[in-house]
Amino acid sequence: MTRDSRRPFGRLLTAMVTPFRADGSLDVDGAARLAAYLVDEQHNDALVINGTTGESPTTSDAEKETILRAVVEAVGDRAQVVAGVGTFSTHHTVELARSAEKAGAHGLLVVTPYYNKPPQAGLLAHFRTVADATGLPMMLYDIPGRSGVPIATDTFLRLAEHDRIVAVKDAKGDLTASSWVLRDTDLAYYSGDDALTLPLLSIGATGLVGTSTHLTGAVATRLISAYHDGDTAEAVRLHRQLLPLFTGIFRTQGAILVKAAMNAKGLPAGPMRPPLVDATEAELAQLRADCDAAGLPL
């Protein structure tokens, strides 16, 4: 698969939910069907499998490999499949990265180690070790609101020297810090916050790794293309259209409302795994209102 260094994973990626059956077991066939829907109907260039939206904290390593193989087989010939492999253990992350490479993944998403709050020297060692472990290109995931530790600008500059560290999923919400990294490196930036897609594009970002894009993908890809094509007025119009879902999907934990939406549309999703819980009727009603406000009725 040809890779453009300016957009190594395309422009639009969705962090896909992991479908479960009613008894809580993996719905492997459902994952393949959902992946096809996201690529063929929501126009995703790539899918992130086994990310937080995929409930990775509650799936076993064997389940992660099973679901990844199913998605690669289903859509890997027409979209990139990026495996979420980050954990708070460097050793475990390396194991997951190598497993993902064997399963056919096209790239890796590696989140900042969470809860144990390593210093920047620890982040450098962690990310470099994972990047050295496979031949796959890697996207760093900077989300201090969940991990507890931001990736510092100087750390990004040093990590960018690694040939396989090629991109960032940016959920830090600090446009100034992101601007400096974009100025001083060749890292491709992807918004990790749906609503900040347009602001990040304006400072040089490539695209979006989205959650609401289970529903908004076809329009979000038009937004991104409009901006890159120089039609900023259209990009702003689409940004404003999609804001109710860009933000509304996070009224509670994002995967909860995505699964509620997919179930409502008759697509594979199924229940949440504890400690996450299924959407309430009130939450689903609000989601329908948000979809209507975005011009994408559920």
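J.: Would you mind going over the pairing of strand β6 (residues 165-170) in detail, with residue names and values included?
T.: For β6, the buried fraction is high: 6 of the 6 residues fall into the buried class. Bridge count between strand β5 (residues 138-142) and β6: 5 bridges; the pairing is parallel. Residue pairing across strands places M138 opposite I165, the latter belonging to β6. Pairing analysis gives 4 bridges linking β6 to strand β7 (residues 188-191), with the strands arranged parallel. In the strand pairing of β7, D170 is matched with S191. Of the crossover connections in this fold, the one passing from β6 over helix α7 (residues 175-184) to the parallel β7 is right-handed.

J.: Report on empty space enclosed by the protein, specifying residues and quantitative values.
T.: Taken as a whole and judged by the stated rule, the model has 2 cavities of 30 Å³ or more. Computed from the structure, the largest cavity encloses a volume of approximately 70 Å³. In terms of lining residues, the largest cavity is bounded by N50, D61, K64, E65, L68, A83, G84, V85, L96, S99 and A100. Within the residue set of the lining of the largest cavity, elements represented by two or more residues are α2 (61-75), β3 (80-84) and α3 (90-103). No other element matches α2, which puts 4 residues into the lining of the largest cavity. Of the residues that constitute the lining of the largest cavity, the class distribution is 5 nonpolar, 3 polar and 3 charged. Taken as a whole, the second largest cavity spans an internal volume of roughly 30 Å³. D170, K172, G173, D174, L175, S178, L196 and L200 together form the lining of the second largest cavity. For the lining of the second largest cavity, a count of residues per class yields 3 nonpolar, 2 polar and 3 charged.

Criteria and thresholds
Residues numbered from 1 in each chain as written. Predicted model: local features only at pLDDT ≥ 70, side-chain atom pairs only at ≥ 80, totals over all residues. Heavy atoms only, no water. Buried < 20%, exposed > 50% of the residue type's maximum accessible area, 1.4 Å probe, protein only. Helix = DSSP H or I, 4+ residues; strand = E, 2+ residues; numbered from the N terminus. Pairing = 2+ DSSP bridges. Right-handed = clockwise from strand over helix to strand, strands pointing away. 1 Å grid on protein atoms, 1.4 Å probe; cavity = no way out; pocket = protein on both sides within 12 Å on 5 of 7 lines; lining within 4 Å. Points joined across faces, edges and corners; volume = space filled by probe spheres on them. Nonpolar A, V, L, I, M, F, W, Y, C, P; charged D, E, K, R; others polar.

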